[in-house]
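What follows is the residue order along each chain.
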Amino acid sequence: MIFSELLQYLINGLSQGAVYALIALGYTMVYGILKMINFAHGEFYMFGAYMGFVGLSVLGLPFWAAIPFVIVTTGLLAVLVERFAYRPLRGANRIAPLITALGVSIVLLELMRVTAGAQPRAFPQALDNVTWELGETLGILQDVYVQRNQLVILGLSLFFMGILRFIVMKTPMGRAMRALSVDFDASRLMGVPINRVVAFTFFLGASLAGIAGIFVGMYYNQIEPYMGQLAGLKAFTAAVLGGIGSIPGAVLGAFTLGICEALVVGYGESSYRDAIAFGILIVMLMFRPWGLLGTPERVKV
Amino acid sequence: MIEYFGQIFVLFGINVILASSLNVINGYCGLFSLGHAGFFAVGAYSSAAFTTLIAPEWTAQSPHLALLVSSLIAMGTAGIAGLAVGIPCLRLTGDYLAIATVGFGEIIRIVFLNMDVVGASRGMPGIPRLTTIPWVIVGAAFTLIILNNLIKSSFGRCIKSIREDEIAAQAMGVNVRFYKTFSFVVGSLFAGLAGSLFAHNQEFLHPSNFVFMISVSVLLMIVLGGLGSQKGAVLGAFIVTLLPELLRLNEFVSQIRMLVFGLIMILVMLVFPEGLLGLLKKGSLKNKFFKKAKNEPGFSGAPL
Amino acid sequence: MSTPPKDKKPLLSVRDLTIRFGGLVAVNNLKLDVFDGELVGLIGPNGAGKTTCFNMLTGVYSPTSGQIVFAGRSIVGLGPHKISAAGAARTFQNIRLFKEMTVLENIMVSLHARRNYNLATALLRLPRFFSQEKVLRSEALNILGNLGLEARAETYAKNLPYGDQRKVEIARALATKPKLLLLDEPAAGMNPIETAQLSGFIQEIRKKFSLSVLLIEHDMSLVMKICERIYVLDYGELIAEGTPSQIKSNKRVIEAYLGGGGLEKLSQEKNTAGGAHA
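Anyway, here's the lowdown on the structure attached to this text. (Residues numbered from 1 in each chain as written. Chains lettered and ligands numbered in written order. Predicted model: local features only at pLDDT ≥ 70, side-chain atom pairs only at ≥ 80, totals over all residues. Heavy atoms only, no water.)

Considering the overall build of chain B
We count it as follows: By the criteria applied, helices consist of DSSP H or I runs no shorter than four residues and strands consist of E runs no shorter than two, each listed in order from the N terminus. Atoms considered for the radius of gyration are the C-alpha atoms alone. The globule rule reads 2.2 Å times the number of residues to the power 0.38. When a residue's accessible area, from a 1.4 Å probe over protein chains only, is under 20% of the maximum for its type it is buried; when over 50% it is exposed; and in between it is partly exposed. Working rule for contacts: check all heavy atoms of both residues, and any pair within 4.5 Å makes them a contact. We get accessible surface area from the Shrake-Rupley algorithm with a probe of 1.4 Å; when it comes to residues, only the shown protein chains can shield them.
When helices and strands are counted, chain B shows 15 helices and 0 strands. Taking 19 Å as the expected radius of gyration for a compact globule of 304 residues, we find that chain B reaches 19 Å, a close match to that expectation. Taken over the C-alpha atoms alone, chain B extends approximately 55 × 50 × 30 Å along its principal axes. Considering chain B as a whole, with its 304 residues, one finds that 62% of them fall into the buried category. Long-range contacts, defined here as pairs at least 24 residues apart, represent 78% of the contacts in chain B between residues at least 6 apart. When the accessible area of chain B is evaluated, it comes to approximately 11700 Å², of which 70% is carbon and sulfur surface.

Notes on the sheet that holds strand S1 (residues 12-21) of chain C
Residue and element names in this part refer to chain C. Applicable threshold: One requirement defines pairing of two strands: DSSP has to find at least two bridges between them. Interaxial angles span 0 to 180 degrees and are taken between N-to-C directions of axes, which are lines fitted to C-alpha atoms, for helices over the stretch in contact.
Strand order in the open sheet formed by 4 strands is S2-S1-S4-S5, with antiparallel pairing between adjacent strands. One side of each edge strand has no neighbouring strand; the edge strands of this open sheet are strand S2 (24-34) and strand S5 (73-74). Examined bridge by bridge, strand S4 (residues 65-70) and S5 share 2 bridges and lie antiparallel to one another. Looking at the pairing, Val69 lines up with Ser74 of S5. Across the face of the sheet, helix H1 (residues 50-57) comes into contact with S1, S2 and S4 while running at roughly 115° to S1.

Overview of the interface of chain C and chain B
Filter applied, for reference: The term buried area denotes the loss of accessible surface (1.4 Å probe radius) that occurs when two parts are joined, taken as the sum for both partners. Only one rule defines a salt bridge in this text: a Lys or Arg side-chain nitrogen within 4 Å of an Asp or Glu carboxyl oxygen. Think of a polar contact as two N or O atoms within 3.5 Å of one another; within protein, one of them needs to be a possible hydrogen donor and the other a possible acceptor, and neighboring residues in sequence only count if both atoms come from side chains. Ten residues, namely Ala, Val, Leu, Ile, Met, Phe, Trp, Tyr, Cys and Pro, are considered nonpolar, four, namely Asp, Glu, Lys and Arg, are considered charged, and the remaining ones, Gly among them, are considered polar.
If you look at the interface, chain C gives 30 residues, while chain B gives 30 residues. Interface area for chain C against chain B, summed over the two sides, is near 2800 Å², with a carbon-plus-sulfur share of 61%. In terms of surface lost to chain B, no three residues of chain C exceed His81, Glu100 and Leu123 of chain C, which account for 22% of the buried area on that side. Counting across the chain C and chain B interface gives 3 salt bridges. In this structure, Glu133 of chain C and Arg157 of chain B form a salt bridge, with 3.0 Å as the shortest nitrogen-oxygen distance. Where chain C meets chain B, there are 15 residue pairs in polar contact (both at pLDDT 80 or more). Of all elements in the fold, only helix H2 (80-86), helix H3 (103-110), helix H4 (119-124), helix H5 (127-146) and helix H6 (162-174) of chain C reach the threshold of two or more residues within the side of chain C that touches chain B. Considering every element that reaches the side of chain C that touches chain B, the biggest residue donor is H3 of chain C, with 4 residues. In terms of residue class, the side of chain C that touches chain B is built from 14 nonpolar, 6 polar and 10 charged.

Side note on the sheet that holds strand S7 (residues 180-184) of chain C
Residues and elements named next belong to chain C. Across the sheet, 6 strands lie side by side as S6-S7-S8-S3-S9-S10; this open sheet has mixed pairing. Bordering the open sheet on either side are strand S6 (88-90) and strand S10 (237-242), each of which pairs with just one other strand. Along the sheet, successive strands turn relative to each other by an average axial angle of 20°, direction set aside. As defined by bridge partners, S6 adjoins S7 across 3 bridges and the pair is classed as parallel. Paired with Arg90 across the strands is Leu182, a residue of S7. Here H6 sits on the sheet and contacts S6 and S7; the angle it forms with S7, its principal contact strand, is near 155°.

With respect to the pattern of salt bridges
Enumeration over the complete set of coordinates arrives at 22 salt bridges over all chains. Between Glu164 of chain B and Arg163 of chain B there is a salt bridge; the shortest N-O distance is 3.0 Å. Here Glu164 of chain B and Arg163 of chain B have matching classes, each one buried. Of the charged contacts, one joins Asp184 of chain C and Arg90 of chain C as a salt bridge, the two residues approaching to 3.7 Å between their closest N and O atoms. Placement of Asp184 of chain C in strand S7 and of Arg90 of chain C in strand S6 is noted, with a sequence separation of 94 residues between them.

What to know about the environment of Phe21 of chain C
Mapping Phe21 of chain C onto the fold places it in strand S1. The spacing of Phe21 of chain C and Gly189 of chain C is 168 residues in sequence and 29 Å in space, taken between C-alpha atoms.

With respect to the packing of helix H1 (residues 2-34) of chain A against helix H6 (residues 148-170) of chain A
All names here are of chain A. For clarity, the cut-off: To sort the angles, those under 35 degrees are grouped as roughly parallel, those over 145 as roughly antiparallel, those from 65 to 115 as roughly perpendicular, and the leftovers as oblique. Left-handed describes a crossing whose near helix is turned anticlockwise from the far helix through less than a right angle; right-handed describes the clockwise counterpart.
Interhelical geometry of H1 versus H6 gives an angle of 30° and a closest axis separation of 9 Å. Accordingly, the angle class assigned to the pair H1 and H6 is roughly parallel. For the crossing formed where H1 meets H6, the hand is left-handed. The segment H1 lies against H6, with Ile11, Asn12, Leu14, Ser15, Ala18, Val19, Ala21, Leu22, Leu25 and Met29 engaging Gln150, Ile153, Leu154, Ser157, Met161 and Leu164. Classifying every residue of the contact of H1 with H6 by side-chain character gives 12 nonpolar, 4 polar and no charged.

Examining the pairing of strand S8 (residues 212-216) of chain C
All names here are of chain C. Counting buried positions over the 5 residues of S8 gives 5, a clear majority of the element. One ladder, built from 4 bridges, connects strand S3 (residues 39-43) with S8; its direction is parallel. Bridge pairing in S8 places Leu42 opposite Ile216. Two strands pair when backbone bridges link them, and S7 and S8 are joined in this way by 5 bridges, in the parallel orientation. Pairing of Leu182 across the sheet is with Leu214, part of S8.

Digging into helix H1 (residues 2-28) of chain B
Residues and elements named next belong to chain B. Keep this limit in mind: What a helix is expected to span follows from its residue count: subtract one and scale by 1.5 Å. To get the bend at any residue, fit one axis to the seven residues that end at it and another to the seven that begin at it, then take the angle between the two axes.
With 27 residues, H1 extends 37 Å between its outermost C-alpha atoms, agreeing within 8% with the 39 Å of an ideal straight helix rising 1.5 Å per residue. Taken as a whole, H1 carries its principal kink of about 35° at Leu22. Of the residues flanking the end of H1, it is Gly30, one or two places downstream, whose phi is positive at about 75°.

What about the layout of surface pockets?
Inclusion rule: In the cavity and pocket records, a cavity denotes points on a 1 Å grid over the protein atoms alone where a 1.4 Å probe fits but cannot get out, a pocket denotes an open set with protein on both sides within 12 Å along at least 5 of 7 lines, and lining residues are residues with an atom within 4 Å of a point. Grid points are joined across faces, edges and corners, and a volume is the space filled by probe spheres set on the points.
Considered as a void within the structure, the second largest pocket measures approximately 1100 Å³ in volume. Looking at the second largest pocket, it is lined by 37 residues, and the ones nearest its centre are Leu230, Leu233 and Phe278 of chain A together with Glu106 and Arg109 of chain B. Breaking the lining of the second largest pocket down by element, the ones donating at least two residues are helix H2 (41-58), helix H4 (95-116), helix H10 (227-242) and helix H12 (273-287) of chain A together with helix H5 (94-113) and helix H10 (212-225) of chain B. Of the residues that constitute the lining of the second largest pocket, the class distribution is 23 nonpolar, 8 polar and 6 charged.

A word on the interface of chain A and chain B
Taken together, the 35 residues of chain A in the interface contact 35 residues of chain B. When chain A packs against chain B, close to 3300 Å² is buried across both sides, 82% of that on carbon and sulfur atoms. Taken together, chain A and chain B are joined by 0 salt bridges. At the boundary of chain A and chain B, one finds 1 residue pair in polar contact (both at pLDDT 80 or more).

Some words on H5 of chain C
Rules: Throughout, the arc means that of the directions going from the helix axis to the C-beta atoms.
For H5 of chain C, which comprises 20 residues, the first-to-last C-alpha distance of 29 Å matches the rise-based estimate of 28 Å (1.5 Å per residue) to within 8%. When we look at burial in H5 of chain C, the residues that qualify are Phe129, Gln132, Glu133, Leu136, Ala140, Ile143 and Leu144 of chain C. The buried residues of H5 of chain C occupy one face: seen down the axis, they fall within an arc of 120°. Exposed residues pointing more than 90 degrees away from the buried face of H5 of chain C are listed as Pro127, Lys134 and Asn142 of chain C. Structurally, H5 of chain C contributes buried residues whose contacts are with helix H7 (154-164) of chain B together with H3, H4 and H6 of chain C.

Focus: the packing of aromatic side chains
Each aromatic ring pair is described using two quantities: the centre-to-centre distance and the angle formed by the ring planes. To keep it simple, the criterion reads: Within 6.5 Å between ring centres, the rings of Phe, Tyr and Trp (the latter by its six-membered ring) count as paired, and their orientation is classed by plane angle as stacked under 30 degrees, edge-to-face over 60, tilted in between. For a ring to carry a charge above it, either NZ of a lysine or CZ of an arginine must fall within 6 Å of the ring centroid while also lying within 35 degrees of the normal to the ring plane.
Applying the stated rule across the entire model yields 23 aromatic pairs over all chains. An angle of 45° between the planes, with centres 6.5 Å apart, marks the rings of Tyr31 of chain A and Tyr96 of chain B as tilted. Separated into two different chains, Tyr31 of chain A in helix H1 and Tyr96 of chain B in helix H5 make up a pair that spans both. A residue is classified by how much of its surface remains accessible, and Tyr31 of chain A, at 8% relative accessible area, is buried. When its relative accessible area of 15% is taken as the criterion, Tyr96 of chain B is described as buried. Relative to Phe190 of chain B, the ring of Phe142 of chain B lies with its centre 6.0 Å away and its plane at 45°, an arrangement referred to as tilted. In this pair, Phe142 of chain B sits in helix H6 (residues 133-151) while Phe190 of chain B sits in helix H9 (residues 176-202), placing the two residues 48 residues apart along the sequence. In this structure Phe190 of chain B comes out as buried when scored by relative accessible area, which is 4%. Pairwise contacts between aromatic rings join Phe40, Tyr45, Phe112, Phe198 and Phe210 of chain B into one cluster. A cation over a ring is seen here: Arg115 of chain C above Phe155 of chain B, with NZ or CZ 3.9 Å from the ring centre. One cation-aromatic arrangement involves Arg172 of chain C over Phe98 of chain C; the distance from NZ or CZ to the ring centre is 4.5 Å.

Read these as spatial facts, not as claims about activity.
Structural data, given as structure tokens:
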């Protein structure tokens, strides 16, 4: 049935999109405040996946405890990186932080490769993964499968995105973040504690990416040091698609990308899956760099 | 042993060409291009295609001429690639430009990865070894001289003015779109030359020779030496060529070669963002080694 | 202070010029003329839209509607470099010198249109390159000489004291051999002595280079002294136009600036504006 095919792709696309969203949010928040693209963000995601492995396999934590473990470790890593590699360059020209971020990305990647090995590592089954056929359950559709993993991923992702929204909209720290993203200098002059807010933003963004990492480990049952490269690029594309600097934009872009990928894999050539993100990126940058939800920047002369 | 040093020198020469060509785009024009490996690849594959597929017999007969011709072809095709990348990127600023160029570089690599006529993922073997040390010297010298003549001319001043202040440059009548495109083309032309020398030295080409990390390495060369400085480009190329070889001496250390690269990148930005030459400019080192003050411009951080 | 020849066509003619940024109308239906050889002032409180006007006149912004005719052709929608080629040069409120280039190089950028050698000649270092570079150099030094800046020729622009930076801004614009010079707050950050020097200087270059000048300024002493006619903007609207004496006594103008006070206070505003720049 055509409809059930479509539904299947949508289900796959949504859970993939959720993962992209968690990563994209980190990119967009850091860019919104510091106007800097953290090239190393994909490595936070990769680190989170490995921390998930450590939590589940090495420490034997249950699933619900592994997640906070990932949040804390990945968040702390980001705070350290920001403190020592990015903060000294704050306010400098645009190239220096970019190069530093590239350097951090390489360092994190290589550290993990040297420590944990370049080979993919098996990720434990965090949850009993059951696959349901919707048709059986609901009685109408056939051949549409939903994995328990997918539901957990989608559900928890939405949960964490909800928490993020709460933090950003309803807490003083969130207000400070929003103030910084609107006008950094004015906020500083108004006494907003810049260093704390920036550190917190990095912590938030990286922990979301780390959660995405553990989800992906769970879903594909393997992780490897290079996983952050492609995922980072795709999540970045999602953020650009939605409008870099915009939180709803990142979510919109991520789900759009996830669904587009699923549709292309389903209806077209699966080997072109990765090319979708590239294509979208180039097209967006050429024609609408400020994204779907963004507004074009006016040059002040 | 001589063979080994000869190889290092050839690689050094190729890196000099790559570094000074990227310097035109990044250092002098101030455009953040991270896709240089793409132009390098276009030059390498097109020149190799000529000597291997199109005119192998003639190549065998007149190797020197063949290298020359294939290098010209490499420059031409790479220049066209530079045009194809530069024009769409005209409207992009800073970070966006960087990402777009990464994208283009990757697209070029993926194209070659899927192009059967040059071997796709199996690679392209059997490229005649035409590159010799004299030729590398000629190529590098040619590049350095031409680019120096370019930058120390009215054209060069227009290019630099874009880096300094694009809006003011336009107000002074500089056709910014033209010169940005021009910078891309010049940079890509010489990257193509480097590609030809590379292909005819390696004898075997594979798309993995042109991954994003290569673009990063070339960027590291000019950042290390000092953005916007020819001498810096040569110095940076020297260090970046030598470093892996030095690290190779120790078994363990050679494993962490890329890690060291990354650490160097971070360190340079934190400690001496104006590169080694910038470091020499200020402070007592300068007074120690150079008597006369040489006004060597470094990259001051004009906002992109 | 002569009255403009109304029978001749103006060098610059602006009609119904409007620009909207989203919901905000920054400039509304501006009408403005500059005749050959005139020195015209454009004044108004902060935020009145004066620099926005300049940006439209020099092609940085595209107006939402309206006409701009310069030297007989419409220049609406043209890019800045084309407008510069047409003969309109500008300086910037926040100095935009090419910092990592020497003063001489800054000027020589403006001379690039008259380089008289092609790329091949430059790359191959043919004799023509050297002779033409010499010509450009001496022309640039000449311009610097007119402003008393020859001694600074080899200094990097970033190392110049503020007053000299402002002068180089003007020199750089002059080097494009414009018919119309647009000066955006040239006296910002200057003390009264420097300002007085500047006013003499502007009149001098106008004569020497046969220019017309359109000037944005906050310093009323400068404006009143040298401008032949003045346009006054407030919230994007043209509220007055006339000679300095007419503007001085114009009620709307006085109200716009302070709501009742005296025009002497206006030079205090200049000091705060200058302070912000220094």
